[in-house]
Every structure is written in structure tokens, then in C-alpha cells.
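Fold and geometry: a report
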Amino acid sequence: MRTYILIAMALLSLTSEAQQRWSLQECIDHAIKNNINIKRQENSIEQDEIALNTAKMSLLPGVNASVNQNWDMGRGLTMDNTYVNNRNTSLTMVDLSADVVLFQGLQKINTIRARKLNLEASIADLDKAKEDMGISVTQAYLQVLYAEEMLGVAREQAELSKSQLMHRCKMADNGKASESEVAQARSRVAQDEMSVVQSNNDYKLAVLELSQMLELESPEGFLIESPDTSAQLLPIAGIEEIYSDALRNKAIIRGDQKRIEGAERNVSIAKGGHAPTVRLSGGVNSKYYGLQGEDLDYTFGEQMRANLSKSINISVNVPIFNRFATRNDVRTAKSQVVAQNLQLDADKKALYKEVQQAYYNAVAAESKYGSSLSAEESASVSWKLMMKKYDNGKATQTEYNESRTQYTKSVAERIQAKYEYIFRAKILDFYRGL
């Protein structure tokens, strides 16, 4: 019995989880976490972090150790500095060395700074990818809310049609309505039920599109929250103000600026090729000599201690002529700076066009939404009056249907205009970094 209870509780838990409603922020977070393009950008950031770490570690000295063992057979040099024919002579050499670059035209320092700027540019690219995903998910989320609200309207209209049909049938039974009016009422019910089916399909498609953005395996059981979507008509900031905020907040501009700084560092790296390189190195080495079949006066340890030698070396390498390779590296790096500045100018112009388009779309959406509110109010008053006239037999079925169609159309236009206005207003907030 206890097993059945546990199974039932588990099924109830799964059902509860399946019916959990997703908020907009949860949808955005889930899409960002699972989107392949964003994962690729995160991988690119990891590679840039490794490149930065490699550049930093290049400041440390390099340390190497080596052990060599040689066996010579035949005529060879002995410890007495004479040549004899030996069966086997062994020579063991141990070496430990270290070297560090003291100066190289600040190339290593500038490389570290360039790698850091590349990392910051990649982070800006990731932010841009997240921004784009957030906008796409928001649009799909609002589309689901719009389709859900339209489905609700269609169902209300279908229920109203059924109620009117029942009313017509009662009136026909009492001889106050004709069979033609009843038939028209039945036809209206069929049309509204078909509208419900179509609206339900539109809703399912909207849910499917959003679930695919979230990389969900199936839209089954996927529901979203229904927040307060009442829209207030608020003043819209001017284009220049929005554009000024966008320049400070948009990730694409920030990424371009970091790439320009990185390109300028590459110029400094290339110029470092003209400077001399100063290198400090040192080492410790020793060796052991043995002859097969002969006993030596010194053991292995004694020879290694006696033959121990140390060295310190400072070298200066001055570049004189390298076939203009360094000069051309500098010219190439400067060309990259120009290219990055041109890219920044192009992105700024594109951003300004986007802001202009977003602004005028928001203004148009605001105007359309305001007009739709007035149109719905007028259609609602007309529809209520027509219902009274129709119920009292003072209006024909055709007049009733026309008034109802006009009201339904005004409701649909108001809902569409509302979500269009909400989305356009959010786009402006997006550009302003709100």
C-alpha cells in the first residue's frame, strides 16, 4: 500500500512540475543557458582566458633539465688524455639551465594587455548574444500572450453565440422568431467554433516557437505566466537621447572599442621588434666518466661533485636588418587599427538607424494603440445597444451580426495594438539599457 502511495505522490509531483508556469525572466535565462551559439561564445571566452594566462606566464623564466648517457666502443680518449682501444667507455652528463628575457621592446607586456582587451571584447560579444536572445524570447513570449488572449476572446464569442442560439430557439418555439433566424444563429455558432479552433492552433504554434527557442524537447506541459499586460501610454524619449544611451550601453559598441584598443596594442607589439633583446641565462652541469672492466679512483658521487660547474650569461641581440619584416608588421598592425575604427563607425551608423526605426515604430504603435482603445470603446457601446434592440426584435439578424463583427474586430485590433506597443516600448528600453 505504501508503494502505491509513493508512486501516486511521485506522479502528482511530476504533474505539478509539468504544469509549472514560466516567467519571462525564466524563459530568457533558460534560453541563454541552453542556446548553442551562446555556448560557442562562452567557449571562445575560455580560449581567450587561456591565451591571456599564457601571455602572463611568458614573463616567468624557463627552466630545463637534461641527462645524457653515452657509451663509446673502440678507440677513444681516456682520462689520461691518451687514445686507446677500449671495449666500452661511458659518459654521464647532467645539466640544469634557466633563462629569462629581461627586455624585448615591451612586447610581452603589450601582448598581455592585448590579450586582456581581446578577452573583454569576447565578453562584450557574449553580452550582445544574450541581448539578442533576450529580445527574441521576449517577442515570442508576448506572441504567446497575444495568442492566448485572442483564444479567450474567441471562446467568449463562441459562448455568446451559443447563448444567442438558445434564445432564438426559445423565441421560435413561441412564434417570435423565424426558422431563418434560427438557422443564421446556428451558422454563427459554427463560425465561432471554427474561430476557436483556429485561435487554438495559433496559440499552440506560438507555444511551440517559444519552446524551441528554449531548446525544450517538447512543448507538452509548457505554460507561461500571464502577467499584468495592461499598457499605459507613456512619453517616449527623443531619438538623440535614446541613441546617446545606446552608445553607452550596447555591447556591440563596447566590443568594437575594446578591439580598437587591442589593435593599438598590436602596433606596440610590432614596434617592439625594432628593440634589442636582453636575455639572462644560467646553468649548472656535471659529468661522470667510467671505463668498463677498470676500477676508477673516484666514485660516481665524487666525480659528480668534483666536475660540478656553474655559468651565468647575459646576451644582447640587436636587430639590424630582417628584410623589412618588422616594418611591414607595424604597417599591418596600423592597418588593423584603421579597419577596427571603420567597423566602429559602421556599427554606430547601423545602431543609429536601428534606434530611428525603433523610435518611429514605437510612436506608430503608441498612436495605433490609442486609436484602438477609442475604436473598441465606441464599438462596445454600439454593440450593447444593438444587443438590446435585437433582443427586443427591433434589429435584424444581419444588423446584429454586423455590429458584433465590428465589435469583435475592434477587440482583436486593440489586443494586437497593445502587444505591439508593449514590445516596441521594451525595444526602446533595451536600447537605453533599462
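Residues numbered from 1 in each chain as written. Predicted model: local features only at pLDDT ≥ 70, side-chain atom pairs only at ≥ 80, totals over all residues. Heavy atoms only, no water.

1. So, the overall build of the chain
What counts, and what does not: Helix numbering and strand numbering both begin at the N terminus, where a helix is a DSSP run of H or I of at least 4 residues and a strand a DSSP run of E of at least 2. Burial classes: relative accessible area under 20% of the type maximum marks a residue as buried, over 50% as exposed, and values in between as partly exposed (1.4 Å probe, protein chains only). Contacts are residue-level and defined by heavy atoms, with any inter-residue pair within 4.5 Å sufficient. With residues, only the protein chains shown are counted as cover, and all accessible areas are computed by Shrake-Rupley using a 1.4 Å probe.
A count of helical and extended segments in the chain gives 10 helices and six strands. Counting all 434 residues of the chain, 33% fall into the buried class. For the chain, long-range pairs separated by at least 24 residues make up 83% of all intrachain contacts whose partners lie at least 6 apart in sequence. Here the chain has roughly 27000 Å² of accessible surface; of this, 52% comes from carbon and sulfur atoms.

2. Some words on the packing of helix α4 (residues 107-173) against helix α7 (residues 251-271)
Operational definition: Between the N-to-C directions of two axes lies an angle of 0 to 180 degrees, each axis being a line fitted to C-alpha atoms and, for a helix, fitted only over the stretch in contact. The cut-offs work like this: below 35 degrees is roughly parallel, past 145 is roughly antiparallel, 65 to 115 is roughly perpendicular, and the gaps in between are oblique. In this scheme the crossing of two helices becomes right-handed for a clockwise turn of the near helix relative to the far one and left-handed for an anticlockwise turn of less than a right angle. Ten residue types, Ala, Val, Leu, Ile, Met, Phe, Trp, Tyr, Cys and Pro, are classed as nonpolar, four, Asp, Glu, Lys and Arg, as charged, and the remainder, Gly among them, as polar.
Relative to each other, α4 and α7 sit at 165°, their axes nearing to 8 Å. The orientation of α4 with respect to α7, classified from their angle, is roughly antiparallel. The way α4 lies across α7 gives a crossing that is left-handed. When its residues are assigned to classes, the contact of α4 with α7 shows seven nonpolar, seven polar and 11 charged.

3. Quick look at unusual backbone geometry
You will see that Leu106, though not glycine, has its phi angle at about 60°, which is positive. Even without a glycine there, the phi angle at Arg323 is positive, about 60°. Residue position: Arg323 is located in the loop between β6 (309-317) and α9 (325-391).

4. Brief notes about the packing of aromatic side chains
The geometry of two aromatic rings is summed up by the distance between their centres and the angle between their planes. What counts is decided by this rule: For this analysis, a ring pair means two rings from Phe, Tyr or Trp (six-membered ring only for Trp) whose centres lie within 6.5 Å, classed as stacked if their planes differ by under 30 degrees, edge-to-face if by over 60, and tilted for the remaining angles.
Applying the stated criterion across every chain yields a total of nine aromatic pairs. On the basis of an interplanar angle of 10° and a centroid distance of 5.8 Å, the ring pair of Tyr369 and Tyr421 is categorised as stacked. Placement of the pair is Tyr369 in helix α9 and Tyr421 in helix α10 (residues 397-432), with a sequence separation of 52 residues. Note on Tyr369: relative accessible area 5%, which makes it buried.

5. Notes on a nonpolar patch on the surface
The condition that has to hold: Patch members must show over 30% relative accessible area and no salt bridge, and they are joined within 9 Å when carrying like charges or within 5 Å when they are nonpolar side chains of Val, Leu, Ile, Met, Phe, Trp or Tyr. Salt bridges, as used here, are contacts in which a Lys or Arg side-chain nitrogen is within 4 Å of a carboxyl oxygen on Asp or Glu.
Residues Ile314, Val316, Val318, Ile320, Phe321 and Phe324 make up a contiguous nonpolar surface patch of about 710 Å² in total accessible area. When you line up the elements, Ile314 lands in strand β6. Residue class for Ile314 comes out exposed when judged on its relative accessible area of 57%.

6. Here we look at the pattern of salt bridges
For the structure on display, the rule yields 16 salt bridges. In this structure, the salt-bridge partner of Glu193 is Lys162, at a minimum N-O distance of 3.7 Å. Pair noted here: Glu193 is in helix α5 (residues 179-213) and Lys162 is in helix α4, with a separation of 31 residues, a long-range link. The exposure class assigned to Glu193 is partly exposed, which follows from its relative accessible area of 36%. Note on Lys162: relative accessible area 33%, which makes it partly exposed.

7. Structural notes on the layout of surface pockets
Note the cut-off: Within this scheme a cavity is a closed region of a 1 Å grid, computed over the protein atoms alone, that accommodates a 1.4 Å probe without allowing it to escape, whereas a pocket is open but has protein on both sides within 12 Å along at least five of seven lines; lining residues each have an atom within 4 Å of a point. Grid points are joined across faces, edges and corners, and a volume is the space filled by probe spheres set on the points.
A volume near 1000 Å³ is recorded for the largest pocket. Around the largest pocket sit 38 residues that line it, and Ile422, Ala425, Lys426, Asp429 and Leu434 are the ones nearest its centre. At the level of secondary structure, the elements contributing two or more residues to the lining of the largest pocket comprise α2 (24-34), α4, α6 (239-249) and α10. Within the lining of the largest pocket, the residues separate by chemical class into 20 nonpolar, nine polar and nine charged. Considering only enclosed or pocket space, the second largest pocket measures out at about 270 Å³ in volume. If you go around the second largest pocket, you meet 14 residues; those closest to its centre are Gln139, Leu142, Gln143, Tyr419 and Glu420. Listed by contribution, the elements that provide at least two residues to the lining of the second largest pocket are α4, α5 and α10. Top contributing element to the lining of the second largest pocket by residue count: α4, with six residues. Broken down by class, the residue content of the lining of the second largest pocket amounts to six nonpolar, four polar and four charged.

8. Here we look at the side chain of Gln157
Tracing the sequence through the fold places Gln157 in helix α4. Accessibility expressed as a relative area gives 10% for Gln157, which makes it buried. With sequence-adjacent residues up to four places away left out, Gln157 is seen in contact with Asp192, Arg404, Tyr407 and Thr408.

9. Some thoughts on the confidence of the model for the chain
Rules: pLDDT is a residue-level measure of predictor confidence that goes from 0 to 100.
For the chain, the average pLDDT comes to 87, and 90% of its residues sit at 70 or higher. Per-element confidence in the chain ranges from a low mean pLDDT of 43 for helix α1 (residues 2-18) to a high of 95 for α7. In this model, residues 1-18 is a region of pLDDT below 50 whose contacts with residues beyond four sequence positions or in other chains number two contacts.

10. Some remarks on empty space enclosed by the protein
Counted by the stated rule, this structure contains one cavity of 30 Å³ or more. Space inside the largest cavity adds up to approximately 50 Å³. What lines the largest cavity is simply Ser161, Gln164, Ala185, Arg188, Tyr390, Gln397, Tyr400, Asn401 and Arg404. The residue makeup of the lining of the largest cavity, split by class, is three nonpolar, four polar and two charged.

11. Structural notes on the packing of α7 against α9
Each pair of packed helices gets described by two things: the angle between the helix axes and the distance between those axes. At their nearest, the axes of α7 and α9 sit 8 Å apart, and the two run at 170° to each other. In terms of orientation, α7 and α9 fall into the roughly antiparallel class. For the contact of α7 with α9, the class distribution of residues is 11 nonpolar, seven polar and eight charged.

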